[in-house]
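Secondary and tertiary structure notes
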Amino acid sequence: MANTAGLSRRRVLAGALGAGGLGVLVACGNQVDQLQSAPYATNAARNTGGNAPAAAGQAVAATPAAHGSAMVGMDPNAIGQSAGTAPASGATATPAKDWQMMNQMHAAGVKAFLAQPKTLRGGQRMAYTMQDGVKVFNLTAKPVQWEVTPGQMIDAYAYNGVVPGPEIRVTQGDTVRVILKNELDEGTAIHWHGLLIPNAMDGVPFITQPPVNPGESFTYEFTARNPGSHMYHSHMNSAEQVTKGLLGAFIIEPKDKSAYPTFDKEYTMILGDAGLGFTLNGKGFPATEAITVNKGEKLLVRFMNEGLMIHPMHLHGMPMTIVAQDGYVNTPYKCDTVNVAPGQRFDAIVDCTEVGTWVFHCHILSHAESEHGMFGMMTALIVK
Amino acid sequence: MANTAGLSRRRVLAGALGAGGLGVLVACGNQVDQLQSAPYATNAARNTGGNAPAAAGQAVAATPAAHGSAMVGMDPNAIGQSAGTAPASGATATPAKDWQMMNQMHAAGVKAFLAQPKTLRGGQRMAYTMQDGVKVFNLTAKPVQWEVTPGQMIDAYAYNGVVPGPEIRVTQGDTVRVILKNELDEGTAIHWHGLLIPNAMDGVPFITQPPVNPGESFTYEFTARNPGSHMYHSHMNSAEQVTKGLLGAFIIEPKDKSAYPTFDKEYTMILGDAGLGFTLNGKGFPATEAITVNKGEKLLVRFMNEGLMIHPMHLHGMPMTIVAQDGYVNTPYKCDTVNVAPGQRFDAIVDCTEVGTWVFHCHILSHAESEHGMFGMMTALIVK
Amino acid sequence: MANTAGLSRRRVLAGALGAGGLGVLVACGNQVDQLQSAPYATNAARNTGGNAPAAAGQAVAATPAAHGSAMVGMDPNAIGQSAGTAPASGATATPAKDWQMMNQMHAAGVKAFLAQPKTLRGGQRMAYTMQDGVKVFNLTAKPVQWEVTPGQMIDAYAYNGVVPGPEIRVTQGDTVRVILKNELDEGTAIHWHGLLIPNAMDGVPFITQPPVNPGESFTYEFTARNPGSHMYHSHMNSAEQVTKGLLGAFIIEPKDKSAYPTFDKEYTMILGDAGLGFTLNGKGFPATEAITVNKGEKLLVRFMNEGLMIHPMHLHGMPMTIVAQDGYVNTPYKCDTVNVAPGQRFDAIVDCTEVGTWVFHCHILSHAESEHGMFGMMTALIVK
């Protein structure tokens with residue numbers, strides 16, 4: 001079984017690369033633009049535990065643990081083997097690596113990333129309608145095929161068809177109504193993670209409400225009391241439903257902004273690791289979104305973890321100043337690596353003084369790079 | 001082997017549910033009381049990695065990693081299958097879920113929890129005797145069968161028969177004597193985690209003392225110098241002995257309480273994850289203890305982690321103010337999710353302003369909920 | 001396969017212990033010196049997942065998850081079995097433990113540790129040459145056999161032959177040049193983790209520079225701007241290259257030391273967990289280095305995590321005051337357990353007021369102790 005899987009993977013790689021792609025020395029200058037078009041399909045496969053897109057249904061079952069293990073212990077033979085070639089029998093010594101092939105795969109991922117592949121993105125701010133002074137939002141939960149990396153479609157659950165679900169953004173003091181329609185084949189409910197709301201609106205099936213069954217709808221209504229970077233997600237069968245995509249940002253802007261540090265731009269980064277593989281905002285590198293700012297701007301990054309693992313997020317080039325935790329403004333402190341556990345949110349302000357393309361990634365290195373190059377929880381802050 | 005295990009589990013579930021329980025639509029109103037008595041045996045099985053109570057001896061071998069993996073990647077066929085029915089052969093598409101069955105299992109767990117099953121609890125405050133100005137405590141370590149969830153007995157090690165061991169509580173400046181009797185079949189010793197004590201009392205076999213061998217006793221004596229939320233646990237073969245239950249809270253109340261924030265009630269929550277499964281104070285949901293307070297009270301929660309994994313504990317409804325770390329009073333900061341690593345303690349004060357039943361759980365969702373409903377590291381704060 | 005591995009391990013243990021070593025009761029007084037010479041080879045095997053030194057090439061593939069799992073779920077039969085004896089067939093009850101044998105193994109590890117085995121250590125401060133006002137350092141990356149525990153050689157990658165690589169220490173404002181020579185069989189590059197430097201010097205292949213291919217050299221040059229405890233490591237195929245040993249400390253002393261707390265001695269502790277097993281500065285217990293200070297001294301410990309897991313480091317006997325995070329001086333706070341995630345650095349000051357041998361270890365207990373005794377991420381602070 002393991003053997004078969006190994007062979008399948010090699011075939012997939014070979015297929016993705018094409019026969020001509022194997023063993024070709026990439027011309028590596030300082031300019032990524034000079035690189036020939038090389039395959040990043042292997043990165044995509046890596047993102048969900050070595051499963052090819054065709055096997056995406058199984059990829060959901062790949063656990064973070066298995067994933068990490070594959071990375072560390074992967075067979076070096078898997079790189080540079082010709083299609084269908086069995087591993088050398090009886091070989092016990094580690095064979096020499098095909099470093100040109102490794103270079104090519106690393107380069108291809110970077111090139112694809114810097115070109116920022118066209119892909120449907122989630123997390124866009126959601127429109128609302130005003131009804132008698134209430135901001136009304138509509139969310140529909142249903143299964144989708146979600147493109148985690150270019151060409152790699154995964155069985156997912158989504159609010160309004162995207163992962164993360166659309167961002168809900170209101171102002172402190174607003175009355176908010178959210179109408180949830182359930183088009184899944186199982187019950188669900190929404191928890192407003194971090195919000196101070198009436199117990200009946202808390203979204204925990206059988207404790208604060210009945211589950212919203214397939215085909216049913218449920219209306220949540222509450223006042224947005226506490227400002228900050230919050231989240232919304234399923235609270236039923238949540239280890240599966242949330243990690244498959246039923247999650248989004250819920251941001252309450254403070255009525256009085258004077259207590260919050262100033263910034264010029266902002267970016268919300270939601271971490272994921274289970275159902276859809278290692279992701280930032282529902283995408284694995286090279287499909288992750290680069291953040292572009294101008295020199296001198298102050299960038300607010302809202303970190304939110306919706307995965308099942310803790311991720312220490314590391315920014316190259318400039319420190320981050322942590323100004324709020326779970327929406328509560330704290331005594332600011334500086335760091336270059338912020339450790340974000342599931343359920344936590346951190347607001348970090350980056351004073352973008354250094355020009356360049358600075359990678360920005362989980363520092364559990366097996367969540368962001370393999371012998372095949374960067375993948376998963378990797379993006380960049382580009383300061384122009 | 002895996003197949004056999006899968007079949008066994010299905011048989012266990014079927015047996016627990018009874019034939020009539022399968023496929024029955026539960027009547028889910030807003031009132032949990034209306035629910036028919038439904039099985040939560042599956043939650044119990046889930047808590048220790050799918051092993052039935054009869055196989056409890058093996059449950060100790062279930063690692064957290066394997067546990068989490070089972071949750072994420074579990075076979076949806078496992079729910080709603082008739083007893084003894086083999087999985088459909090050749091089926092590659094994910095079958096529709098039996099959402100009524102899922103509802104029933106989720107509901108049953110909540111109902112059992114809200115009824116607060118009668119179960120022997122550990123962590124009760126320990127009586128002492130005064131001898132010449134010394135507070136004397138007696139602890140006996142021995143193997144027990146410990147009921148982690150209702151009806152599920154696990155091979156455990158316990159101090160005085162309970163997990164966690166009884167709480168030791170003294171006042172700063174007290175002289176404390178603890179007499180340990182070892183009725184295990186292996187050596188042991190107690191480390192006073194967080195306490196400032198003479199090196200000879202530190203409890204590390206072969207470094208500060210010989211091991212306390214089977215049948216032997218050892219007397220620890222020291223002055224309680226530094227106030228705060230501390231712990232005591234085995235420091236021999238500790239990855240096994242501690243996670244099987246040789247642990248407890250050691251709380252030193254400050255002589256001068258003016259430096260510590262005020263509170264009305266307190267609750268100690270000890271996290272566990274390995275030998276006994278995912279537990280709060282030695283119990284998995286639905287056997288976990290609900291915390292009940294009156295509106296307006298300030299609740300002190302003392303988090304302590306005695307497991308092998310880091311757990312971000314999330315309270316719904318109200319923020320927590322972290323006032324001390326490892327017993328040392330810190331600059332207070334607010335959050336709704338506190339990330340507690342093994343060995344750490346955090347004192348959190350909750351201003352209980354919001355009425356309702358607020359769930360309180362590890363936000364690594366696979367430690368608290370599965371397709372079978374809530375389990376493991378899940379409880380609730382009930383504000384009346 | 002699993003069976004075969006189990007048998008091999010028993011044979012290895014038996015071989016290491018010698019027939020006479022089995023079942024011998026160790027004389028355990030309070031003096032470790034009285035202990036007979038007992039085997040710690042089993043600790044070494046434990047450190048890399050049960051693989052014997054002869055199988056070191058495979059040890060690299062042992063993942064942390066598998067490692068931890070082996071610890072928790074290990075077969076108690078593995079201790080005290082006679083050489084070549086198969087497990088009792090059909091036995092389902094847990095057999096009584098051979099606690100004398102357990103004692104002997106625990107004692108042996110401690111004895112070996114306290115004797116501080118002679119072993120090549122990494123992390124020594126690196127000499128530089130001055131060229132036109134520039135401090136010039138030379139680093140060569142190449143494969144080595146690294147002795148993780150006494151006699152246990154592991155396939156590693158090293159800078160200048162040691163793990164961690166030599167410490168680079170400069171003063172804020174210095175101009176620094178580092179010439180990297182690549183003698184690996186794959187491309188590499190160095191990232192200066194935490195340093196504020198020009199983007200072209202950031203060490204990310206295909207983004208800020210081409211990879212440094214086998215046989216090539218690359219020169220990094222920059223000004224040391226921000227003081228603090230930083231790191232340098234590979235940023236290509238990093239999950240493998242870093243965890244195999246391509247890492248080191250990069251410390252920038254502040255020009256003006258008045259903003260930094262005072263201390264008498266310092267110690268850098270780099271955490272590792274993947275390629276080389278659970279290590280502190282590239283060594284597993286009992287080869288870890290004890291830290292010796294005089295009573296009354298203030299010890300600065302610079303924690304740095306270069307592994308793939310988060311490690312909560314616990315010091316017995318005295319609190320730590322955290323004074324800086326990622327090189328940035330923070331509001332000091334006290335704790336006895338500091339949770340260090342990959343990529344993070346914490347500066348902790350210990351006021352060494354308590355005399356004794358205080359163990360200092362990761363409090364994920366399965367990273368530091370097994371039934372065979374202490375191993376991995378365990379050392380001691382000895383206050384004289």
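So, a few notes on the structure that sits alongside this text. Here the structure is a predicted model, which means the values were calculated and not measured.

Scoring rules and cut-offs
Residues numbered from 1 in each chain as written. Chains lettered and ligands numbered in written order. Predicted model: local features only at pLDDT ≥ 70, side-chain atom pairs only at ≥ 80, totals over all residues. Heavy atoms only, no water. Helix = DSSP H or I, 4+ residues; strand = E, 2+ residues; numbered from the N terminus. Buried < 20%, exposed > 50% of the residue type's maximum accessible area, 1.4 Å probe, protein only. Contact = heavy atoms within 4.5 Å. Areas by Shrake-Rupley, 256 points an atom, 1.4 Å probe, with all protein chains shown as cover. Buried area = accessible area lost by both parts, 1.4 Å probe. Salt bridge = Lys/Arg side-chain N within 4 Å of Asp/Glu carboxyl O. Polar contact = N/O pair within 3.5 Å; in protein donor to acceptor, adjacent residues only side chain to side chain. Nonpolar A, V, L, I, M, F, W, Y, C, P; charged D, E, K, R; others polar. Pairing = 2+ DSSP bridges. Axes fitted to C-alpha atoms, helices over the stretch in contact; angles between N-to-C directions. Least-squares fit on C-alpha atoms with pLDDT ≥ 70 in both. Disulfide = S-S within 2.5 Å.

This part covers the overall build of chain A. Secondary structure summary: chain A contains 6 helices and 22 strands in total. Classification of the 384 residues of chain A by burial places 63% in the buried group. Considering only residue pairs separated by 6 or more positions, chain A has 75% of its internal contacts joining residues 24 or more positions apart. Split by element, the accessible area of chain A, about 12400 Å² in all, is 53% carbon and sulfur.

Glancing now at the interface of chain A and chain B. Between chain A and chain B, the residue contacts involve 48 residues of the former and 46 residues of the latter. Overall, the association of chain A and chain B removes approximately 3800 Å² of surface from exposure, summing both partners, and the carbon and sulfur fraction of that is 61%. Linking chain A with chain B are 4 salt bridges, by the criterion used here. Between chain A and chain B we count 20 residue pairs in polar contact (both at pLDDT 80 or more) in total. When residues of the side of chain A that touches chain B are traced back to their parent elements, those giving at least two are β6 (190–193), α6 (238–241) and β16 (328–335) of chain A. Partitioning the side of chain A that touches chain B into residue classes produces 21 nonpolar, 19 polar and 8 charged.

Right, let's get into the side chain of B:His361. By secondary structure assignment, the location of B:His361 is in strand β19 (residues 356–362). Accessibility expressed as a relative area gives 1% for B:His361, which makes it buried. Of the polar contacts made by the side chain of B:His361, one reaches the side chain of A:His235; its length is 3.2 Å. A distance of 3.2 Å separates polar atoms of two side chains, one belonging to B:His361 and the other to B:His316.

Moving on, we get to the sheet that holds strand β4 (residues 168–171) of chain C. All names here are of chain C. Strand order in the open sheet made by the 4 strands is β4-β9-β8-β6, with mixed pairing throughout. Looking at which strands have only one partner, the edges of the open sheet turn out to be β4 and β6 (190–193). Geometrically, the sheet is characterised by an average inter-axis angle of 20 degrees between neighbouring strands, direction not taken into account. Across 6 bridges, strand β8 (residues 228–234) lies against strand β9 (residues 247–253) in antiparallel orientation. Bridge assignment links Tyr 232 to a residue of β9, and that residue is Gly 248.

Following A:Val163, the chain continues into A:Pro164 via a peptide bond in cis, with omega recorded as -5 degrees. The topology assignment puts A:Pro164 in the loop between β3 (152–159) and β4 (168–171). That bond from B:Phe285 to B:Pro286 is cis: its omega, 10 degrees, falls within 30 degrees of zero. Examined against the element boundaries, B:Pro286 turns out to sit in the loop between β11 (279–280) and β12 (291–293).

As a further point, take the environment of A:Met105. All names here are of chain A. Within the secondary structure, Met 105 is located in helix α5 (residues 99–114). Using a relative accessible area of 2% as the deciding quantity, one classes Met 105 as buried. Taking the C-alpha atoms as reference points, Met 105 and His 372, separated by 267 residues in sequence, lie 5.5 Å from one another.

This part takes up the relation of the copies chain A and chain B. The second copy of the chain is related to the first by a rotation about an axis and a shift along the axis. You can overlay chain A on chain B at an RMSD of 0.0 Å; the transform is a turn of 120 degrees with a shift of 0.0 Å along its axis. Interpreted geometrically, this transformation is the action of a three-fold axis. Of all interface residues in chain A, a mere 6% are interface residues in chain B too; the two copies therefore contact each other through different surfaces.

Counting residues at the interface gives 48 residues for chain C, matched by 46 residues for chain A. The junction of chain C with chain A conceals about 3900 Å² of combined surface from both sides, 61% of it contributed by carbon and sulfur atoms. For the interface between chain C and chain A, the tally reads 4 salt bridges. Across the pair C:Glu240 and A:Lys97 runs a salt bridge whose closest N-O atoms are separated by 2.9 Å. The interface formed by chain C and chain A includes 20 residue pairs in polar contact (both at pLDDT 80 or more). Elements with a contribution of two residues or more to the side of chain C that touches chain A: β6, α6 (238–241) and β16 (328–335) of chain C. Per-element tally for the side of chain C that touches chain A: the top contributor is α6(C), with 3 residues. Residue classes in the side of chain C that touches chain A are distributed as 21 nonpolar, 19 polar and 8 charged.

Residue and element names in this part refer to chain A. Under the defined criterion, the tally for this structure stands at 0 disulfides over all chains. In this structure Cys 335 is a free cysteine whose sulfur lies 14 Å from that of Cys 362, the closest cysteine sulfur available. We classify Cys 335 as buried; its relative accessible area is 1%.

Turning next to the pairing of strand β17 (residues 337–340) of chain A. All names here are of chain A. Neither face of β17 is open: one carries Thr 337 and Asn 339, the other Val 338 and Val 340, and all of them are buried. In terms of strand pairing, strand β14 (residues 311–315) meets β17 through 4 bridges, oriented antiparallel. By the bridge assignment, His 311 is partnered in β17 with Val 340.

On to the sheet that holds β19(B), then. The strands making up a sheet associate through hydrogen bonds between their backbones, and the pairing can be parallel or antiparallel. All names here are of chain B. A sheet is described by the order of its strands in space; here 5 strands give the open sequence β12-β22-β19-β14-β17, paired in mixed fashion. The sheet is open, and its two edges are formed by β12 and β17 (337–340), each paired on a single side. The average undirected angle you get between the axes of adjacent strands in this sheet is 15 degrees.

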